[in-house]
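# Close look at the chain arrangement
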Amino acid sequence: MAVNPQKPQQLVAEVEGVVTAIDRGNQTIIIAGTLISYNNLTHFIDTTEANLTLGQRLEVNGYLGQDNSYLATMIKLDSDTSNDDSQYTRGLIEQLDTTNRTFRLDQLTIDYNSASVEGELSNGALVKVAGVLTNQTMTASSIELEMFGGNSDSSYD
């Protein structure tokens, strides 16, 4: 994950969902359509790097990079059996299309036609999205606008 030292990263929590890809050589996994990198400082809870499997449901805390990828500080096996089919991710809005009610979070398309939206969506805004993932499209059920560092400036500028 490329990190610009002049642009801050943001600690985030609750990227949650099913593992759909694992690349142990590059120390990456994909959960909820989100590329997540891990390293020797990542804390694993109730699982290990060696025990990561496709289809496993995990929760991730980490840092959001300016390229909409994550560096995990914690990866935890999600043992809450009351979870529904929803997955959760965070990212910076790209390619907002208010006519079709879609936007991108890196390679993930978000369809918010039937979502409850808290806040005003704009390109570069940090959002938390809950929904159902099919291929590379998440049909959102809820979207929350979030803030960087306690202020409403959600851009890296």
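Above this text is the structure in question.
Everything quoted here is computed from the prediction, not taken from an experiment. (Residues numbered from 1 in each chain as written. Predicted model: local features only at pLDDT ≥ 70, side-chain atom pairs only at ≥ 80, totals over all residues. Heavy atoms only, no water.)

## A closer look at the environment of Asn51
Along the polypeptide, Asn51 turns up in the loop between strand E4 (43-45) and strand E5 (57-64). Here Asn51 falls in the partly exposed class, since its relative accessible area comes to 46%. If we skip the residues at most four places from it in the chain, Asn51 touches Arg24 and Gln56. (Helix = DSSP H or I, 4+ residues; strand = E, 2+ residues; numbered from the N terminus. Buried < 20%, exposed > 50% of the residue type's maximum accessible area, 1.4 Å probe, protein only. Contact = heavy atoms within 4.5 Å.)

## So, the nonpolar core
Ile31, Ile75, Phe103, Ile110, Val129 and Ile143 are the most contacted members of the largest nonpolar core, which has 32 residues in total. Secondary structure elements with two or more residues in this core: strand E1 (10-23), strand E2 (28-31), E5, strand E6 (70-77), strand E9 (102-105), strand E10 (108-111), strand E12 (126-134) and strand E13 (137-145). For this core, the leading source of residues is E12, giving four residues. Sequence-distant contacts of Ile75, defined by excluding residues within four places in its chain, comprise Ile29, Tyr38, Thr42, His43, Phe44, Ile45, Thr47, Leu52, Leu58, Glu59 and Val60. (Core = buried A, V, L, I, M, F, W, Y, C linked by side-chain atoms within 4.5 Å.)

## A closer look at empty space enclosed by the protein
Sizing a probe to match a water molecule and rolling it over the atoms shows the empty space that remains. Inspection of every chain in the model, using the stated rule, returns one cavity of 30 Å³ or more. Of the volumes computed, that of the largest cavity is approximately 50 Å³. Elements supplying a minimum of two residues to the lining of the largest cavity: strand E3 (34-37) and strand E7 (87-92). Here the lining of the largest cavity is built from residues that sort into three nonpolar, five polar and two charged. (1 Å grid on protein atoms, 1.4 Å probe; cavity = no way out; pocket = protein on both sides within 12 Å on 5 of 7 lines; lining within 4 Å. Points joined across faces, edges and corners; volume = space filled by probe spheres on them. Nonpolar A, V, L, I, M, F, W, Y, C, P; charged D, E, K, R; others polar.)

## As for the pairing of E9
Only one face of E9 is covered, namely the face carrying Phe103 and Leu105; the face carrying Thr102 and Arg104 is uncovered. Sheet topology places strand E8 (residues 94-97) next to E9; two bridges connect them, and they run antiparallel. Bridge pairing in E9 places Glu94 opposite Arg104. In this structure, the hairpin formed by E8 and E9 is closed by a connection of four residues, where Arg101 is found at a positive phi of approximately 55°. One ladder, built from four bridges, connects E9 with E10; its direction is antiparallel. Considered in E10, the bridge of Leu105 is made with Leu108. Between E9 and the antiparallel strand that follows it, E10, lie two residues; Asp106 among them carries a positive phi value of about 60°. (Pairing = 2+ DSSP bridges.)

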